[in-house]
Amino acid sequence: MTSFAARAPVPAHADEPGLHSSASIPRHVAIIMDGNGRWAKARRLPRVAGHRQGVEAVRRITRAAREQGIEALTLYAFSSENWRRPEEEIGDLMGLLRHFLKNEIKELTREGVRLRILGNYRALKADLVELIDDAVARTATNTGPILAIALNYGAQAELVAAARRLAEKVAAGMPVSAIDEAAIDRELDTDGLPPLDLMIRTSGEQRLSNFLLWQAAYAELLFVDTLWPDFDGECLAQAIAAYGQRQRRFGGL
Ligand code: FPP
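Residues numbered from 1 in each chain as written. Predicted model: local features only at pLDDT ≥ 70, side-chain atom pairs only at ≥ 80, totals over all residues. Heavy atoms only, no water.

Under the annotation held in an unreviewed UniProt entry, the protein chain carries the name Isoprenyl transferase and is attributed to Sphingomonas hankookensis. On record in UniProt, under Subunit (unreviewed entry), the comment for the protein chain is "Homodimer." According to its UniProt record, the protein chain has this under Sequence similarities (unreviewed entry): "Belongs to the UPP synthase family." (UniProt positions renumbered as here; feature names shortened; annotations may be inferred.)

Now the structure itself:
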């Protein structure tokens, strides 16, 4: 039985960035960046102002994750359901993404970060697809941590696509018995990333919202009240400390 104490959040003062043993550092952290709109509303600002601050948080957390020794950071930037938002907001988000890709690539390269994209990003505007392909290619030989950005991503669609590819392989002669967990892993957008250890959602919502459903099978889940634009290196350090307190059993005792 898991004791309450083992699951209790760690007080802010209990952790200092950089003081973890490597065993307690999650290799792969995913974040559902939520709360940009509420951040803006609380300040009587337009929603785009919250998204702008959200991009600042992306910059901060990418750097902090690298400093804390995280191997892969996956950020949910645009879900396949986000197309339901007003056209103006979608345009704002795409504009911020365009700006990020144009301006951050040098910094990412300097930090040795490899950029990966999850999701059907090819459905975005042609200039964005070009920018993305260019940024991914330019960082592909970097040897540092991976920054994976989920764009037009939905886990169910990702699994459907994987199932179709496997069905095609079976039709082409692959034995059905070759379909196992590893075979499915290889068909997912996250192929080659370390196993997901920690999934964080900001802003107090407690849902996975179609994000990394397969990959989260044994991930630790952490829901924090902080709104994404306020999430900083200290918040990440606290999340890592909370993760370090969890007892991971992967179904064993
Ligand atoms: C959720 O907040 C946030 C999003 C749907 C978009 C996240 C996007 C960014 C942080 C900026 C773009 C990222 C990159 C990598 C350039 P919400 O708008 O749903 O907030 P609310 O629930 O408070 O309304």
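Back to the text.
Q: It is not clear to me how the nonpolar core should be interpreted in this structure. Could you clarify?
A: Nonpolar side chains tend toward joint burial in soluble globular proteins. Residues Ile-31, Leu-124, Leu-147, Leu-151, Ile-200, Phe-231 and Leu-236 are the most contacted members of the largest nonpolar core, which totals 48 residues. By residue number, the principal contributor to this core is helix 4 (residues 87-110), which donates nine residues. Residues contacting Phe-231, with those up to four places away along its chain left out, are Ile-31, Ala-57, Arg-60, Ile-61, Ile-200, Thr-202, Val-224, Thr-226 and Leu-236. (Core = buried A, V, L, I, M, F, W, Y, C linked by side-chain atoms within 4.5 Å. Buried < 20%, exposed > 50% of the residue type's maximum accessible area, 1.4 Å probe, protein only. Helix = DSSP H or I, 4+ residues; strand = E, 2+ residues; numbered from the N terminus. Contact = heavy atoms within 4.5 Å.)

Q: Looking at this model, I keep getting lost on the site of the ligand. Mind explaining?
A: Met-33, Gly-37, Arg-38, Arg-47 and Arg-85 are the nearest of the 18 residues found near the ligand. In this structure, Asn-36 approaches the ligand through a main-chain N or O atom, which is 3.2 Å from an oxygen atom. At 2.7 Å, a backbone N or O of Arg-38 approaches an oxygen atom of the ligand. Expressed as a share of its isolated accessible area of 630 Å², the protein-covered part of the ligand is 91%. (Near = heavy atom within 4 Å. Polar contact = N/O pair within 3.5 Å; in protein donor to acceptor, adjacent residues only side chain to side chain. Areas by Shrake-Rupley, 256 points an atom, 1.4 Å probe, with all protein chains shown as cover.)

Q: Whenever I open this one, the pattern of salt bridges confuses me. Can you help?
A: Pairing of side chains with opposite charge becomes possible as their charged atoms draw close. Counting across every chain of the model gives 20 salt bridges. Notably, a salt bridge pairs Arg-110 with Glu-107, separated by 2.3 Å at the nearest N-O pair. Of this pair, Arg-110 and Glu-107 both sit in helix 4, three residues apart, which is roughly one turn of the helix. Judged by relative accessible area, Arg-110 falls into the exposed class, the value being 64%. Across the pair Arg-165 and Glu-187 runs a salt bridge whose closest N-O atoms are separated by 2.8 Å. (Salt bridge = Lys/Arg side-chain N within 4 Å of Asp/Glu carboxyl O.)

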